[in-house]
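# Architecture at a glance
Chain by chain, the residues:
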Amino acid sequence: VSALLQKEQSKAFVPALRLAGERHMTACKEQVFALLNDMDKQVGKTAYQTLKNVVTSEDADRMAALLNTTELEYVLPVQEALNFSLRALKETERCAKIEAYMADSKHPARYYKLLGWSGTDRAVEILVADVKNEEAFVALLEIDNPKMPDLLYKLASKDPERADRLLARYATLVAKQ
């Protein structure tokens with residue numbers, strides 16, 4: 001796979017990238033990074049989709065830097081890759097790291113989904129503080145945290161425009177308990 005990713009013929013890149021991702025071939029990550037901005041749009045798109053399966057914990061800072069500069073269409077795969085690179089950290093450590101990345105970013109809202117995935121009390125606090133922002137709101141709806149049902153109910157009583165979405169998530173969480 002590594003040899004295919006170094007060839008000049010780009011028609012081999014997409015299947016090679018997919019295979020590298022399916023096999024979690026971290027040894028190919030530099031070739032994957034090199035193909036992110038390939039002239040062939042399909043190669044670049046596939047490289048972004050492959051990232052989450054080839055990054056390691058040592059790539060967290062690199063992924064955060066990429067998240068700050070990537071085009072909107074590639075934000076989700078980069079978020080997934082950054083989340084995967086932080087997986088070895090405890091939830092509270094992961095949240096603190098994400099918060100630090102947010103503080104240094106020109107696009108802090110790109111980190112809201114990552115906060116949601118951490119599910120910590122601190123993530124809930126940060127997202128509630130900016131709940132008027134749609135990205136923060138969506139991330140808040142994805143959090144699985146014991147405090148969420150009461151919080152969602154309170155938010156629904158204060159936000160009639162979003163009450164249906166808040167109460168739908170509330171019902172889902174209550175049903176799980």
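Residues numbered from 1 in each chain as written. Predicted model: local features only at pLDDT ≥ 70, side-chain atom pairs only at ≥ 80, totals over all residues. Heavy atoms only, no water.

Further remarks concern the overall build of the protein. Helix and strand counts for the protein stand at twelve helices and zero strands. Counting only C-alpha atoms, the protein reaches 60 × 35 × 30 Å along its principal axes. Burial analysis of the protein (177 residues in total) assigns 46% to the buried set. The long-range fraction of contacts in the protein, counting pairs at least 24 apart against all pairs at least 6 apart in sequence, stands at 56%. For the protein, the exposed surface amounts to about 9800 Å²; the carbon and sulfur share of it is 52%. Taking the average location of the 25 positive side-chain charges in the protein and that of its 26 negative ones, the two points are 3 Å from each other. (Helix = DSSP H or I, 4+ residues; strand = E, 2+ residues; numbered from the N terminus. Buried < 20%, exposed > 50% of the residue type's maximum accessible area, 1.4 Å probe, protein only. Contact = heavy atoms within 4.5 Å. Areas by Shrake-Rupley, 256 points an atom, 1.4 Å probe, with all protein chains shown as cover. Lys, Arg positive; Asp, Glu negative; His and termini not counted. Charge placed at Lys NZ, Arg CZ, Asp CG, Glu CD.)

All right, on to the side chain of Arg94 then. Mapped onto the secondary structure, Arg94 falls in helix H7 (residues 91–103). The charged side chain of Arg94 is buried without a salt bridge, its nearest counter-charge being Glu91 at 5.3 Å. Once residues lying within four places of it in the same chain are set aside, the contact partners of Arg94 are Asn83, Leu86, Arg87, Leu89, Trp117 and Ser118. (Salt bridge = Lys/Arg side-chain N within 4 Å of Asp/Glu carboxyl O.)

Glancing now at the environment of Lys154. Within the element layout of this structure, Lys154 appears in helix H11 (residues 148–158). Using a relative accessible area of 53% as the deciding quantity, one classes Lys154 as exposed.

Moving on to the packing of aromatic side chains. Scanning all chains against the criterion turns up three aromatic pairs. Lying over the aromatic face of Phe33, Arg62 brings its terminal NZ or CZ to 3.6 Å of the ring centre. Between Arg87 and the ring centre of Phe84, over which it is positioned, the NZ or CZ distance is 3.9 Å. (Phe/Tyr/Trp six-rings, centres within 6.5 Å; stacked < 30°, edge-to-face > 60°. Lys NZ or Arg CZ within 6 Å of the ring centre and 35° of its normal.)

Bringing unusual backbone geometry into the picture now. In the Ramachandran plot, His24 falls in the positive-phi region, its phi being about 50° despite a non-glycine side chain. Following the sequence through the fold, His24 ends up in the loop between helix H2 (13–22) and helix H3 (29–34). Classification of His24 as partly exposed rests on a relative accessible area of 44%.

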